[in-house]
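# Examination of the molecular architecture
Single-letter residue listing:
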Amino acid sequence: MKKLINDPMNVVPEALEGMAKAHPDLIKVHFNPNFVYRADAPRPGKVAVISGGGSGHEPMHVGFVGYGMLDAACPGAVFTSPTPDQMYEAAKMVHGGAGILMIVKNYAGDVMNFDMAADLLRGEGFQVESVLIADDVAVESSLYSQGRRGTGTTVLAEKILGAAAERGYDLQRLAALGRRVAENGRSMGMALTSCTVPHVGKPTFELGEDEMEIGIGIHGEPGRYREPLKKADEIVERLMEPILKDLPFKAGDRVICMVNSMGGTPLSELYIVYRKVAEICEKSGIQIVRNLVGAYITSLEMAGTSITLLRADDEMLELWDHPVKTPALRWGM
Amino acid sequence: MKKLINDPMNVVPEALEGMAKAHPDLIKVHFNPNFVYRADAPRPGKVAVISGGGSGHEPMHVGFVGYGMLDAACPGAVFTSPTPDQMYEAAKMVHGGAGILMIVKNYAGDVMNFDMAADLLRGEGFQVESVLIADDVAVESSLYSQGRRGTGTTVLAEKILGAAAERGYDLQRLAALGRRVAENGRSMGMALTSCTVPHVGKPTFELGEDEMEIGIGIHGEPGRYREPLKKADEIVERLMEPILKDLPFKAGDRVICMVNSMGGTPLSELYIVYRKVAEICEKSGIQIVRNLVGAYITSLEMAGTSITLLRADDEMLELWDHPVKTPALRWGM
Amino acid sequence: MPVMRDDVVAWLERCAAVLEENRDYLTQLDAAIGDADHGANMDRGFKAFMAKLPSVADKDIGTILKTLGMTLVATVGGAGGPLYGTFFLQLGVKTANKLMLTPEDWAEALEAGINGVIARGQARPGDKTMVDALLPALEAFKEAIRNGDSFGKALQRMAEAAEQGMKATIPMVARKGRASYLGERSAGHQDPGATSSYLILKAAADTWANAT
Amino acid sequence: MPVMRDDVVAWLERCAAVLEENRDYLTQLDAAIGDADHGANMDRGFKAFMAKLPSVADKDIGTILKTLGMTLVATVGGAGGPLYGTFFLQLGVKTANKLMLTPEDWAEALEAGINGVIARGQARPGDKTMVDALLPALEAFKEAIRNGDSFGKALQRMAEAAEQGMKATIPMVARKGRASYLGERSAGHQDPGATSSYLILKAAADTWANAT
Ligand SMILES: Nc1ncnc2c1ncn2[C@@H]1O[C@H](COP(=O)(O)OP(=O)(O)O)[C@@H](O)[C@H]1O
Ligand SMILES: Nc1ncnc2c1ncn2[C@@H]1O[C@H](COP(=O)(O)OP(=O)(O)O)[C@@H](O)[C@H]1O
Ligand SMILES: [Mg+2]
Ligand SMILES: [Mg+2]
Ligand SMILES: [Mg+2]
Ligand SMILES: [Mg+2]
């Protein structure tokens, strides 16, 4: 295992210390329980938007705390959902009197831990709503199973809901918007290499020099299938087809498109991927009206990419363009 | 070799096509010769700031084209300096009547190719100045050799000079400022893994599972020395010591600090590095007044980091804070 | 003799030791169909509890078990944290103020714990989760007691049933938790949560082998 | 007979073939002390020239060589592009309007080419660059002609000296180009640019072996 770390057990707190030192104007970090929160929290009268999840997906979520996005983010151990006390304490720290919106990715652990936190908070009289992101089309959707994983749409939802909260949406309206975002986003990802959880010390899975894994999640979980490495354009077709036909996206749709690095894939390759995504969308009459190309929701140092499309209406686009100022996403200010 | 590409020979043009599709509001791409330029070029009355170098370092330079930074960037083949016709055509496209400033990294190839372009342009009556970046303290500086490589300070120089050009600095003043930036910046990098040039197909060098290379450049060149892998804090000490004592940086200095990923190192590890950099600066009485933590000047998918410190005066800091709007660096607008 | 407060403490100490020992094994199972953290998560949780144990070891069984449950909730995270947290919290609720456990106490506590897990996670038998080890274990224990077996003997039946339940998860296709994302590909692998449940119940059977 | 225009074309075609053949070898040398692109760069440049050759193959030698120089400048990049570009441009300047080359013409052209390389790159003998293959080659050629050797024989001396010069770069510590960043660690490796220079001059000696 080759990592720039000191102690595999201290990766999360030390990275948080580094963040606190790097961005004192934007964020503060609370330890035990761990959470990152806006330096100017609480914002009176504004719904507090909080999220969280296992660490190892940076910049998500901790890099998205700041004006126009999250009020707080709760990082668990690497690839492990955070504990209820983190969300409970974070929510109390940033609550501005207008309730709490939780953005939760659909993993058994995330759902249960956020639920427990919400129960605790409601028990103390706080208003809490949550929005569940379950956008990964690599997973069969079924009433009888866990349902789909939450992946790339989370990033877009945090941006849009963060902007809406900043603009004064009340909790109910925010939750309704969040559900609309969740319903209209679809993602799928693939890996060229595995990743190594620091305290495990060896790769989560093994991929041959000529193999790739299609339909992976964001935790080094095995994917939908494994096959010989293909050209980028063919890989993009394999990811786009299930995405497009799932919603389905149709000619005339306007979308926000994210081409995301799983961590170890360089920007030049992401643009090669984006080139093909754009070509497929053009052919299908789908209009990409906004995009993000970069590393936003990662699996440590995994090489690979994920594609997210969100069918966006005017309201979402206006909120997308609202200024944002966080360590990892910034525009308009 | 596992990469998201179609044809090793088409990596550069296809990535440029992707960039053009992703950022039509910010940039345009010219092919044959290849260069990326501001969508609103030429800007009358403004000095045109252009740069360039081998590809494989993305986002540098092509990701830094836009308001407040570069007017044009010329990408060569992977790790190969661009050719004079690229700079020549780019300069003519973006020239706004106030001369051309070239920001050149100190590599034999870059220097010669930019020189030839400058000669051609001067021959046609254009005013051309160039700023040479040679900031890598891993290389011994000597009058009888090539001198030092240009690395991280290039990113900071492009930001600061781009802002100054936007504010109406004339060519001479800009060149003088550029030289001041070049003189006050120092960098050093290290690698945990090698990288693979697409058309070569195998890693440029081999590093054992327990080895690291200290003092690497940005092209997979071997570094200053190789040694057993150490803890992040010790690695940072090995990089900071030569940086600090070279200028030297002294108590009371204010610096802009960049902790950069060589491509394959995730953000969490960069923050662990930043944590120690900040601690060392605090102990030395050096004040980090601005910072960048992320992948800005990379070597394809190489895992590793580089640290850059720039001793900044008020003028540089004011220019640093000036708005910038490029694919890879954006704030204030 | 029945299970005394100090026996409960001994059981939990043994759990901590067994989970530490099996940390890599559990993580390996989780790497195959999950995210390679179950071993580390459980170990972290029980280690945290071991640090707190001295301050509650002289309290009643309910307090000890509730402390464990709270500690797991606050330190484990993932799916394991809320599920095992709930499990031990419920065990604690049913054993509040007790200084010893009869077989009936244990059956009642275990049932409450399992119901808590099911309420929290909504898993059904056959979904390839810890429930597939826990439920048959409870049934086996109750049946053994009905058949007149000693407490220790019944606990052994319980552990055997947990082991069988754990092994029975191998061919199952997961419908809950992270393994469910794999669909058919989850078949052929033993569920890590069912395995940790077996280890925890086996530790009870081993520690309390002589209970009557 | 002297070297005719078509012999020059044949030389350049052979250069293209030899550089394609040695592409990986040159790249490997460059990987050790540079950035692993010299082979690909030279191959790309000569391939580009081969595409243009048909349109100039019936022109004078100067035009052909200047076209090669311009093509290398515009397609190779790196250090190799401007250096070899300048080299062939200067060769072209000295052979402008010529349809054949005497030994004296070649000596003059080669000298101009090498001076162009030195002017552009500021390398001195012993800096571990292409200059260390080119300069001794020029000296050997001039001396052989002075000694009354035939054109073909003198070209062979030239190629041998280039080879020796190339090998002599192995122990050198680089002071120019990318290898200089390595300092002492650059010793023990053969310079890629000196190697391509040898291959180019060797191709001339082989193609023009019967020149008189
Ligand atoms: N909904 C659920 N109900 C019961 N058990 C579950 C459920 N979801 C997951 N599990 C159990 O949790 C185990 C995984 O725990 P752990 O690895 O700690 O959490 P995570 O899956 O969040 O990484 C699974 O092996 C399974 O036995
Ligand atoms: N200043 C110089 N003068 C002469 N030759 C040089 C100089 N710098 C580099 N070279 C030659 O160029 C070769 C490297 O060429 P190439 O790999 O194409 O360029 P780059 O070093 O830019 O990647 C070196 O092996 C050396 O022979
Ligand atoms: Mg987990
Ligand atoms: Mg090069
Ligand atoms: Mg797990
Ligand atoms: Mg080279």
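Residues numbered from 1 in each chain as written. Chains lettered and ligands numbered in written order. Predicted model: local features only at pLDDT ≥ 70, side-chain atom pairs only at ≥ 80, totals over all residues. Heavy atoms only, no water.

## Focus: the overall build of chain A
Per the secondary structure count, chain A includes eight helices and 14 strands. In terms of overall size, chain A behaves like a compact globule, its C-alpha atoms giving a radius of gyration of 19 Å where 333 residues would be expected to give roughly 20 Å. With the C-alpha coordinates of chain A rotated into their principal frame, the extents come out at 55 × 50 × 45 Å. Expressed as a percentage of its 333 residues, the buried residues of chain A come to 68%. When contacts within chain A are restricted to residue pairs at least 6 apart in sequence, those whose partners lie at least 24 apart make up 73%. Just so you have it, chain A exposes about 10000 Å², and 48% of that area is on carbon and sulfur atoms. Side chains of chain A carry 34 positive and 43 negative charges; the gap between the two charge centres is 3 Å. (Helix = DSSP H or I, 4+ residues; strand = E, 2+ residues; numbered from the N terminus. Rg over C-alpha atoms; globule rule 2.2 N^0.38 Å. Buried < 20%, exposed > 50% of the residue type's maximum accessible area, 1.4 Å probe, protein only. Contact = heavy atoms within 4.5 Å. Areas by Shrake-Rupley, 256 points an atom, 1.4 Å probe, with all protein chains shown as cover. Lys, Arg positive; Asp, Glu negative; His and termini not counted. Charge placed at Lys NZ, Arg CZ, Asp CG, Glu CD.)

## Some points on the sheet that holds strand E1 (residues 27–30) of chain A
All names here are of chain A. The strand order across the open sheet formed by six strands is E1-E2-E4-E3-E5-E6, and the pairing between neighbours is mixed. Among the strands making up the open sheet, the edge pair consists of E1 and strand E6 (128–133). Within the sheet, the average angular offset between the axes of one strand and its neighbour, ignoring direction, is 20°. Relative to strand E2 (residues 35–38), E1 runs antiparallel, the two sharing four bridges. (Pairing = 2+ DSSP bridges. Axes fitted to C-alpha atoms, helices over the stretch in contact; angles between N-to-C directions.)

## Focus: the domain arrangement of chain A
All names here are of chain A. Splitting chain A by domain gives domain 1 (8–184) and domain 2 (185–318). The C-alpha-based centres of domain 1 and domain 2 are spaced at 22 Å. At the junction of the two partners, domain 1 supplies 36 residues and domain 2 supplies 39 residues. Of the roughly 3000 Å² buried between domain 1 and domain 2 on both sides combined, carbon and sulfur atoms contribute 58%. Considering only the surface of domain 1 that becomes buried against domain 2, Phe79, Val137 and Asn184 emerge as the three largest contributors, covering 22% of it. The tally of links from domain 1 across to domain 2 stands at four salt bridges. Residue Asp313 pairs with Arg180 through a salt bridge whose shortest N-O separation is 2.8 Å. Joining domain 1 to domain 2, the criterion identifies 18 residue pairs in polar contact (both at pLDDT 80 or more). (Domains from an automatic or database assignment. Buried area = accessible area lost by both parts, 1.4 Å probe. Salt bridge = Lys/Arg side-chain N within 4 Å of Asp/Glu carboxyl O. Polar contact = N/O pair within 3.5 Å; in protein donor to acceptor, adjacent residues only side chain to side chain.)

## Some points on the interface of chain B and chain D
Taken together, the contact pairs 37 residues of chain B with 32 residues of chain D. With both chains or domains summed, chain B and chain D bury close to 2600 Å², and 56% of this area falls on carbon and sulfur atoms. For the pair chain B and chain D, the interface holds one salt bridge. Inspection of the region where chain B meets chain D yields eleven residue pairs in polar contact (both at pLDDT 80 or more). Contributing elements (two or more residues each) for the side of chain B that touches chain D: strand E4 (72–78), helix H2 (84–94), helix H3 (108–123) and strand E9 (225–228) of chain B. Top contributing element to the side of chain B that touches chain D by residue count: H3(B), with seven residues. A class-by-class count of the residues in the side of chain B that touches chain D yields 15 nonpolar, 13 polar and nine charged. (Nonpolar A, V, L, I, M, F, W, Y, C, P; charged D, E, K, R; others polar.)

## Notes on the relation of the copies chain A and chain B
To go from the first copy of the chain to the second, apply a rotation about an axis and then a shift along the same axis. In the superposition of chain A on chain B (RMSD 0.0 Å, axial shift 0.0 Å), the rotation amounts to 180°. Such a turn and shift between the copies fits a two-fold axis. Using C-alpha coordinates, one finds that chain A approaches the rotation axis most closely at A:Gly264, a distance of 2.1 Å. Most of the interface of chain A is mirrored in chain B: 100% of its interface residues are interface residues there too. (Least-squares fit on C-alpha atoms with pLDDT ≥ 70 in both.)

## Side note on the sheet that holds strand E3 (residues 48–55) of chain B
Either a parallel or an antiparallel arrangement is found when strands of a sheet pair, and the pairing is made through backbone hydrogen bonds. Residue and element names in this part refer to chain B. Reading across from one edge, E1-E2-E4-E3-E5-E6 is the order of the six strands in this open sheet, with mixed pairing throughout. Pairing within the sheet leaves two strands with one partner each, and these edge strands are strand E1 (27–30) and strand E6 (128–133). Going from strand to strand, the sheet's axes swing by 20° on average, the running direction of each strand aside. Looking at chain direction, E3 and strand E5 (residues 100–105) are connected through four bridges and run parallel. Among the inter-strand pairings, Val49 is bridged to a residue of E5, identified as Leu101. Of the strands in this sheet, E1, strand E2 (35–38), E3 and E4 are in contact with helix H1 (residues 11–22), which crosses E4 at around 150°. Each of E3, E5 and E6 touches helix H5 (residues 171–184); the most contacted strand, E6, lies at about 5° to it.

## Comments concerning the coordination of the magnesium ion (ligand 5)
For the magnesium ion (ligand 5), the full set of protein donor atoms is C:Asp30 (OD), C:Asp35 (OD) and C:Asp37 (OD), at a range of 2.0 to 2.2 Å. Between consecutive donors of the magnesium ion (ligand 5), the numbers of intervening residues give the motif D-x4-D-x1-D. (Donors = N, O, S within 2.8 Å, 3.2 Å for Na, K, Ca; no water.)

## Description of the site of ligand 1
Close to ligand 1 lie 21 residues, the nearest being C:His38, C:Ala79, C:Gly121, C:Asp191 and C:Gly193. With respect to ligand 1, its neighbouring residues span chains A and C. In the model, an oxygen atom of ligand 1 is placed 2.8 Å from a nitrogen or oxygen of the C:Ala79 main chain. Relative to its unbound accessible surface of 560 Å², ligand 1 loses 97% to contact with the protein. Elements supplying a minimum of two residues to the shell around ligand 1: helix H3 (38–56), helix H5 (80–94) and helix H9 (192–207) of chain C. For the shell around ligand 1, the leading source of residues is H9(C), giving three residues. Split by residue class, the shell around ligand 1 holds seven nonpolar, eight polar and six charged. (Near = heavy atom within 4 Å.)

## What to know about the interface of chain A and chain B
Contact with chain A, which involves 53 residues of that partner, is made by 53 residues of chain B. Each partner contributes to the roughly 4600 Å² buried at the junction of chain A and chain B, and carbon and sulfur atoms together form 59% of this total. Joining chain A to chain B, the criterion identifies six salt bridges. Note that A:Glu17 and B:Arg275 form a salt bridge whose closest N and O atoms lie 2.8 Å from each other. Mapped by element, the contributors of at least two residues to the side of chain A that touches chain B are helix H1 (11–22), helix H6 (232–246), helix H7 (267–284), strand E11 (287–294), strand E12 (304–311) and strand E14 (330–331) of chain A. With ten residues, the single largest contributor to the side of chain A that touches chain B is H7(A). Partitioning the side of chain A that touches chain B into residue classes produces 26 nonpolar, twelve polar and 15 charged.

## Some points on the arrangement of the chains
Here three pairs of chains make contact, and the pair sharing the most contacts is chains A and B. No part of chain A reaches chain D; the closest C-alpha pair between them is 18 Å apart. Looking at chain C next to chain D, you find no contact at all, with the nearest C-alpha pair sitting 37 Å apart.

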